Amino acid sequence: MTDMATPPTSAWAAWAAWPLDREIVLTRVLGAPRTLVFDAWTDPDQITAWFGPAGMTIKTHEIDLREGGVWRFDMVAADGTRYDNRMTFLRIERPHRIEIDHGADTDDDPGRFRMLVTFDEQSDGKTVLTLRQLHPTRTRREWAIGFGAVEFGGQTLDKLARHLAARTEFARGR
């Protein structure tokens, strides 16, 4: 098991040169143990239940949540507008981190970005989830922010928090 404080040099080399002017960072303290939070990201039944901004539903076309696997899905707005997505899971290190390429469901998407999700366990049983996006250009990052990436990302993490709270309460028998 790798300690996040001392990541292997080869696995983290690309992150060392991470350009901050192309980055979007979202973080949330979640009231659930790290393994439960990690499972919410890697269990197909769970991720499809909570992922996406408020008011959006997920229509999955293909889901394989393992290293090298792909999740192809549409986010469907209340008015029926569909936003096609493809996530390719590059690295999954249970329960520490997940690295993903995320973009439209096309091979040549110029807006595809790299995403690193880390799970930091706290002594009080909570988890700090940090989601870092690296966009291909500064202009593309600015476009994503203008489109609502920060607000929609916050809504997605709110849905995750509610999902975890419901699962935790159910597990306690309430």
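The structure under discussion appears in the preceding block.
Structure report, in brief. (Residues numbered from 1 in each chain as written. Predicted model: local features only at pLDDT ≥ 70, side-chain atom pairs only at ≥ 80, totals over all residues. Heavy atoms only, no water.)

Some words on the overall build of the protein chain
Within the protein chain one finds five helices and seven strands. Along the protein chain, helices (α) and strands (β) appear in the sequence α-β-α-α-β-β-β-β-β-β-α-α when read from the amino end. Within the span of the protein chain, comprising 174 residues, buried residues form 45% of the whole. A sequence separation of at least 24 residues applies to 48% of the contacts in the protein chain between residues at least 6 apart. Within the structure as shown, the protein chain displays about 9200 Å² of accessible surface, and the carbon and sulfur contribution to it stands at 52%. (Helix = DSSP H or I, 4+ residues; strand = E, 2+ residues; numbered from the N terminus. Buried < 20%, exposed > 50% of the residue type's maximum accessible area, 1.4 Å probe, protein only. Contact = heavy atoms within 4.5 Å. Areas by Shrake-Rupley, 256 points an atom, 1.4 Å probe, with all protein chains shown as cover.)

Regarding a nonpolar patch on the surface
Taken together, the side chains of Tyr-83, Trp-143 and Phe-147 make up a nonpolar region of the molecular surface, amounting to roughly 320 Å² of accessible area. With respect to the helices and strands, Trp-143 occurs in helix 4 (residues 138–147). (Patch = residues over 30% accessible without salt bridge, like charges linked within 9 Å, V, L, I, M, F, W, Y side chains within 5 Å. Salt bridge = Lys/Arg side-chain N within 4 Å of Asp/Glu carboxyl O.)

Focus: the nonpolar core
Among the nonpolar cores identified, the biggest contains 31 residues, and Trp-41, Phe-51, Trp-71, Ile-98, Leu-129 and Leu-160 are the most heavily contacted of them. Beyond its immediate sequence surroundings of up to four residues, Ile-98 is in contact with Phe-38, Trp-41, Thr-42, Phe-89, Arg-91, Ile-92, Met-115, Leu-116, Val-117 and Phe-119. (Core = buried A, V, L, I, M, F, W, Y, C linked by side-chain atoms within 4.5 Å.)

A word on unusual backbone geometry
A negative phi holds for most residues other than glycine; trans holds for most peptide bonds. Look at the link from Arg-94 to Pro-95: it is a cis peptide, with omega at -10°. Inspection of the secondary structure assignment puts Pro-95 in the loop between strand 4 (82–93) and strand 5 (97–103).

A word on the packing of aromatic side chains
Describing an aromatic ring pair means giving the distance of the ring centres and the angle of the ring planes. Enumeration over the complete set of coordinates arrives at ten aromatic pairs. Look at Trp-41 and Trp-50: their rings are 5.2 Å apart centre to centre, the planes differ by 65°, and that puts the pair in the edge-to-face class. Relative to Phe-147, the ring of Trp-143 has its centre 5.2 Å away and its plane inclined at 10°; by these criteria the two rings are stacked. A residue pair is termed a helical-turn pair when its members lie 3 or 4 positions apart in one helix, as Trp-143 and Phe-147 do in helix 4 at four residues. Residue Phe-147 is classed as partly exposed on the basis of its relative accessible area of 43%. Through a chain of ring-to-ring contacts, the aromatic side chains of Trp-41, Trp-50, Phe-51, Trp-71 and Phe-73 assemble into a single cluster. The positively charged end of Arg-140 is found above the aromatic ring belonging to Trp-143, 4.2 Å away from the centroid. (Phe/Tyr/Trp six-rings, centres within 6.5 Å; stacked < 30°, edge-to-face > 60°. Lys NZ or Arg CZ within 6 Å of the ring centre and 35° of its normal.)

Thoughts on the pairing of strand 5
With respect to burial, strand 5 is a largely interior element, seven of its seven residues being buried. Residue alternation in strand 5 divides its side chains into two sets, Arg-97, Glu-99, Asp-101 and Gly-103 and Ile-98, Ile-100 and His-102, and both sets are buried. Sheet topology places strand 4 next to strand 5; seven bridges connect them, and they run antiparallel. Bridge pairing in strand 5 links Glu-93 to Arg-97. (Pairing = 2+ DSSP bridges.)

Considering the sheet that holds strand 7 (residues 127–134)
The seven strands are arranged 1-7-6-5-4-3-2 in an open sheet whose pairing can be described as antiparallel. A single partner strand is all that each edge strand has here, and the edge strands are strand 1 (23–30) and strand 2 (57–63). Sheet twist, expressed as the average angle between the axes of neighbouring strands with direction ignored, equals 25°. As defined by bridge partners, strand 2 adjoins strand 3 (residues 70–76) across six bridges and the pair is classed as antiparallel. Among the inter-strand pairings, Thr-60 is bridged to a residue of strand 3, identified as Phe-73. Strands strand 1, strand 4, strand 5, strand 6 (113–121) and strand 7 of the sheet are contacted by helix 2 (residues 34–42), whose axis makes an angle of about 155° with strand 6. (Axes fitted to C-alpha atoms, helices over the stretch in contact; angles between N-to-C directions.)

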